[in-house]
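Residues per chain, in single letters:
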Amino acid sequence: MTASAYQDHLGRPIVAVTGMGIITSLGQGLSDNWAALASGTSGIHEINRFPTEGLSTKIAGTVDFIGIPTPNAVERSYAFARETTIEALANAGLSGDFNGPLFLAAPPIEPEWSARFELADRSPASDHPGDAYERFLTALRQRPDPAFHEAALFGAISERLADRFGTRGLPVTLSTACASGATAIQLGIEAIRQGRTDRALTVATDGSLSAEALIRFSLLSALSTQNDPPTKASKPFSKDRDGFVIAEGAATLVLESLEAAIARGAKVLGIMKGAGDKADSFHRTRSSPDGAPAIATIRAALADAGMSEDDIGYINAHGTSTPENDKMEYGSMSAVFGEKLVGIPVSSNKSMIGHTLTAAGAVEAVFSLQTMLTGTLPPTINYNNPDPSIVLDVVPNKKREAQVSAVLSNSFGFGGQNASLVMALEPA
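This one's a predicted model, so the numbers in the text were calculated from it and none came from an experiment. Note that residues are indexed from 1 along each chain, following the sequence as it is written. For this predicted model, a pLDDT threshold of at least 70 governs which residues receive local features, and a threshold of 80 or more governs which side-chain atom pairs are given and counted, while totals over whole chains, interfaces and linings are taken from all residues. Derived side-chain values reflect all non-hydrogen atoms in the structure, with water molecules and hydrogen atoms excluded from consideration.

**What to know about the overall build of the protein**
Next up, step 1: Secondary structure follows DSSP: runs of H or I at least 4 residues long count as helices, runs of E at least 2 residues long count as strands, and numbering of each begins at the N terminus. A tally of helices and strands in the protein yields 13 helices and 15 strands.
Next up, step 2: Taking 22 Å as the expected radius of gyration for a compact globule of 428 residues, we find that the protein reaches 21 Å, a close match to that expectation.
Next up, step 3: The principal-axis extent of the C-alpha atoms belonging to the protein is close to 70 × 50 × 40 Å.
Next up, step 4: Counting all 428 residues of the protein, 58% fall into the buried class.
Next up, step 5: A total of about 16,900 Å² of accessible surface is found on the protein, and carbon and sulfur atoms cover 53% of it. The atom set for the radius of gyration is the C-alpha atoms, and the globule formula is 2.2 Å times the number of residues raised to the power 0.38. Buried, partly exposed and exposed residues are distinguished by accessible area as a fraction of the type maximum, computed with a 1.4 Å probe on protein chains only: under 20%, between the cut-offs, and over 50%, respectively. For every accessible area listed, the method is Shrake-Rupley and the probe measures 1.4 Å; residues are considered covered only by the protein chains on display.

Spelled out as structure tokens, the structure:
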């Protein structure tokens, strides 16, 4: 092949996906997850990790089947990331040191309440409440607690992954709210395009679901309170949607330049055609009602991919099931695709797996690639009461067999973080 065959429309190296791994509330591994997702199975269930008495939301998509040495968000998030990376590297046919950069999307880190209470109990007494921080430091100096220390380190997960898999350079940890997973992939794409590496390991993980997280999102009126049955709570684009279902999960993608992938005989699973991101300064948690930043994000991703609206055969929506966000996303897609939108299948994985927060962009990228590889469009389940103001083909309730060659995946998050990815089966 000529050199130009490995370059995109802007003369940059074409970025291929050669390995994928995934964990969600549906199970561990790509095979089990895809089978469940395609069949319309929900992974949402009652919470048993902590008591929910007195809470308005009692359901989630927790991942409780991965063993961890200490029950905290860092250990859970690391374990999920480790397992998906093992799967992705095996899928890519890679062994030994990875020898490429690591880009990790990880949740904001805070010690669990139980750990804080334990630390408070062994801290020296004081008549001044404002001395709490100094008392905690005194207690830790007197009796070091490595587990507590690691649970408070944002970069601990990426450093452990870097050591385990032999990545190159300083591992990058990022947290851009619900767009984090897509942002990690975007950084991997850019590293390869800029010629800094032939391969990149992009990982997104979130094991941060705790009582405090649940309460915080509840105070924002962001969570569904339709607890019974749990499997029916997440209903994106439906008239009776009332909030998202918080969840956990992880996904890893191995990215390589197409030239390097073909040179080593790797199987190419898909092409990362384009990525776009735009900030939204409207509000700390709410998206701009006019959708302007989301519109700009989608258009930036299409332009980066060198593609038009006509080239997109399927959209993996952010589709959170919150009243405002679903409406904003629909308006944004309508502004970009116009009348063509009604003819483009648009479904939300979150109807089955919930919102995996930091991991969502990467989890949904894996599912988007699987959609093209299998010729199966996953459904949006619980779509029994359509919102008349949102006119979409959401692939309602049951999967659909249809071959598409290009997919748009949206991730629009809190704090004005917006990212979209365009993926395709073939480089041309």
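**Focus on the domain arrangement of the protein**
Next up, step 1: By convention here, the domain bounds are inherited from an automatic or database domain assignment. Here the domain parsing of the protein yields domain 1 (15–109 + 154–424) and domain 2 (114–151).
Next up, step 2: The partner domain 2 presents four residues to the eight residues of domain 1 that form the contact.
Next up, step 3: Surface buried jointly by domain 1 and domain 2 totals about 430 Å² across both partners, of which 46% is contributed by carbon and sulfur atoms.
Next up, step 4: The largest per-residue losses of area from domain 1 upon contact with domain 2 belong to Asn72, Val74 and Glu212, which jointly make up 50% of the total buried on that side.
Next up, step 5: What counts as a salt bridge is simple: a side-chain nitrogen of Lys or Arg found within 4 Å of a carboxyl oxygen of Asp or Glu. At the boundary of domain 1 and domain 2, one finds zero salt bridges.
Next up, step 6: Think of a polar contact as two N or O atoms within 3.5 Å of one another; within protein, one of them needs to be a possible hydrogen donor and the other a possible acceptor, and neighboring residues in sequence only count if both atoms come from side chains. Applying the counting criterion to the domain 1 and domain 2 interface returns zero residue pairs in polar contact (both at pLDDT 80 or more).
Next up, step 7: Contributing elements (two or more residues each) for the side of domain 1 that touches domain 2: α2 (73–92) and α6 (156–165).
Next up, step 8: Put simply, Ala, Val, Leu, Ile, Met, Phe, Trp, Tyr, Cys and Pro go in the nonpolar bin, Asp, Glu, Lys and Arg in the charged bin, and everything else, Gly too, in the polar bin. A class-by-class count of the residues in the side of domain 1 that touches domain 2 yields three nonpolar, two polar and three charged. It only takes one pair of heavy atoms within 4.5 Å for two residues to be counted as in contact. As used here, buried area is the combined drop in accessible area, with a 1.4 Å probe, of two parts when they are placed together.

**Thoughts on the pairing of strand β8 (residues 249–257)**
Next up, step 1: Burial runs high along β8: nine of the nine residues are buried.
Next up, step 2: The alternating pattern of β8 places Gly249, Ala251, Leu253, Leu255 and Ser257 and Ala250, Thr252, Val254 and Glu256 on opposite faces, both of which are buried.
Next up, step 3: Note on pairing: DSSP must find at least two bridges between two strands before they are called paired. As defined by bridge partners, strand β1 (residues 15–24) adjoins β8 across eight bridges and the pair is classed as antiparallel. Pairing of Ala16 across the sheet is with Glu256, part of β8.
Next up, step 4: Bridge count between strand β7 (residues 199–206) and β8: eight bridges; the pairing is antiparallel. In the sheet register, Asp206 faces β8, and the bridge partner there is Gly249.

**Notes on the pairing of β7**
Next up, step 1: Taking burial as the measure, the eight residues of β7 include eight buried ones, the bulk of the element.
Next up, step 2: With four bridges joining them, strand β5 (residues 102–105) and β7 adopt parallel strand pairing. When the bridges of β7 are listed, Leu104 appears paired with Val203.

**Thoughts on the environment of Glu150**
Next up, step 1: Looking at where Glu150 falls in the secondary structure, it is placed in helix α5 (residues 146–151).
Next up, step 2: Measuring from C-alpha to C-alpha, the distance between Glu150 and Pro345 comes to 44 Å, with 195 residues separating the pair along the chain.
Next up, step 3: Residues within four places of Glu150 in sequence aside, it is in contact with Val74, Glu75, Ala156 and Arg160.

**Notes on helix α7 (residues 180–193)**
Each full turn of the α-helix corresponds to 3.6 residues, which orients residues three or four apart in the same direction.
Next up, step 1: Expected helix span is taken as 1.5 Å per residue step, with the number of steps being one fewer than the number of residues. An ideal rise of 1.5 Å per residue puts 20 Å on 14 residues; α7 measures up with 20 Å between its terminal C-alpha atoms.
Next up, step 2: Those residues of α7 that fall on the buried side of the exposure criterion are Ser180, Gly181, Ala182, Thr183, Ala184, Ile185, Gln186, Gly188, Ile189, Ala191, Ile192 and Arg193.
Next up, step 3: Directly beyond the C-terminal end of α7, a positive phi value near 80° is found at Gly195.

**Some remarks on the packing of aromatic side chains**
What describes a pair of aromatic rings is the distance from one ring centre to the other and the angle between the planes of the rings.
Next up, step 1: Each Phe, Tyr or Trp ring, with Trp reduced to its six-membered ring, pairs with another whose centre is within 6.5 Å; inter-plane angles below 30 degrees give stacked pairs, above 60 give edge-to-face pairs, and intermediate values give tilted ones. Tallied over the entire structure, the rule returns two aromatic pairs.
Next up, step 2: Residues Phe217 and Phe244 carry aromatic rings whose centres are separated by 5.3 Å and whose planes lie at 80° to one another, so their mutual orientation is edge-to-face. Placement of the pair is Phe217 in helix α8 (residues 211–219) and Phe244 in the loop between α8 and β8, with a sequence separation of 27 residues.
Next up, step 3: Counting as a charge over the ring demands two things of the Lys NZ or Arg CZ atom: a distance within 6 Å of the ring centre and an angle within 35 degrees of the ring normal. Across from the ring centre of Tyr78, 3.9 Å away, lies the NZ or CZ of Arg160, which sits over that ring.
Next up, step 4: Here Arg199 stacks its cationic end above the ring of Phe98, 5.5 Å away from the centre of that ring.

**Things to note about the nonpolar core**
When a protein is soluble and globular, its nonpolar side chains tend to lie buried together.
Next up, step 1: We call a set of buried residues a nonpolar core when its members are Ala, Val, Leu, Ile, Met, Phe, Trp, Tyr or Cys and they connect through side-chain atoms within 4.5 Å of each other. If you look at the biggest cluster of nonpolar residues, it comprises 47 residues, and the most contacted ones within it are Ile185, Leu253, Leu255, Met272 and Leu369.
Next up, step 2: Among the elements that make up this core, the one with the highest residue count is helix α13 (residues 360–374) (seven residues).
Next up, step 3: Among all residues touching Leu255, those that are not within four sequence positions of it are Val15, Ala16, Val17, Ile185, Gly188, Ile189, Ile192, Asp198, Arg199, Ala200, Thr202 and Met272.
Next up, step 4: In terms of nonpolar packing, the next biggest core, distinct from the first, is built from 27 residues, Ala294, Ala301, Ala317 and Val394 among them.

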